[in-house]
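What the coordinates show
Here is what each chain is made of, one letter per residue.
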Amino acid sequence: MKNNLRQIRIQKGITQQELADLTELSRTKISEIETEKDIPLKSNTILAISKALNIPVSKIFPAFK
């Protein structure tokens, strides 16, 4: 799924591991999401990322407008 996760994470000065810790996801999962691997994303995963970054879902994942 197209997303802006990597750019936003870097702008906020957060590493993949730090984001993984904040969201209780693995660093590998964060990496897979950032590289837009064809993996299904659960709504709770999307919401956890949005909450951890304090950014609206639609800014991270533009398909969710």
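Here is a short report on the structure shown in this document.

The next point concerns the pattern of salt bridges. For the coordinates displayed, the defined rule picks out 2 salt bridges. For the salt bridge of Glu 36 with Lys 2, the shortest nitrogen-to-oxygen distance reads 3.7 Å. With Glu 36 in the loop between α3 (27-34) and α4 (43-53) and Lys 2 in the segment before α1 (5-11), this residue pair connects regions lying 34 residues apart in the sequence. Taking the shortest distance from any N to any O, the salt bridge between Arg 9 and Glu 34 comes out at 2.5 Å. With a gap of 25 residues between them, Arg 9 in helix α1 and Glu 34 in helix α3 connect regions that are remote in the sequence.

The next subject is α4. Of the residues making up α4, those classed as buried are Thr 45, Ile 46, Ile 49, Ser 50 and Leu 53. Burial along α4 is one-sided: seen end-on, the buried residues are contained in an arc of 135°. Counted as exposed and oriented over 90 degrees from the buried face of α4: Ser 43, Asn 44, Leu 47 and Lys 51. Its buried side turned inward, α4 meets α1, α2 (16-23), α3 and α5 (57-60). Phi turns positive, to about 55°, at Asn 54, one or two residues after α4.

What follows covers the packing of α2 against α4. At a closest axis distance of 9 Å, the pairing of α2 and α4 adopts a crossing angle of 110°. As summarised for this structure, α2 and α4 are arranged roughly perpendicular, according to the angle between their axes. α2 and α4 meet at a crossing whose hand is right-handed. Taken together, the residues of α4 that come into contact with α2 (itself represented by Leu 19, Leu 22 and Thr 23) are Ala 48, Ile 49, Ala 52 and Leu 53.

Rules of the game
Residues numbered from 1 in each chain as written. Predicted model: local features only at pLDDT ≥ 70, side-chain atom pairs only at ≥ 80, totals over all residues. Heavy atoms only, no water. Salt bridge = Lys/Arg side-chain N within 4 Å of Asp/Glu carboxyl O. Helix = DSSP H or I, 4+ residues; strand = E, 2+ residues; numbered from the N terminus. Buried < 20%, exposed > 50% of the residue type's maximum accessible area, 1.4 Å probe, protein only. Arc of directions from axis to C-beta. Contact = heavy atoms within 4.5 Å. Axes fitted to C-alpha atoms, helices over the stretch in contact; angles between N-to-C directions. Parallel < 35°, antiparallel > 145°, perpendicular 65-115°, else oblique. Left-handed = near helix turned anticlockwise from the far one by under 90°.

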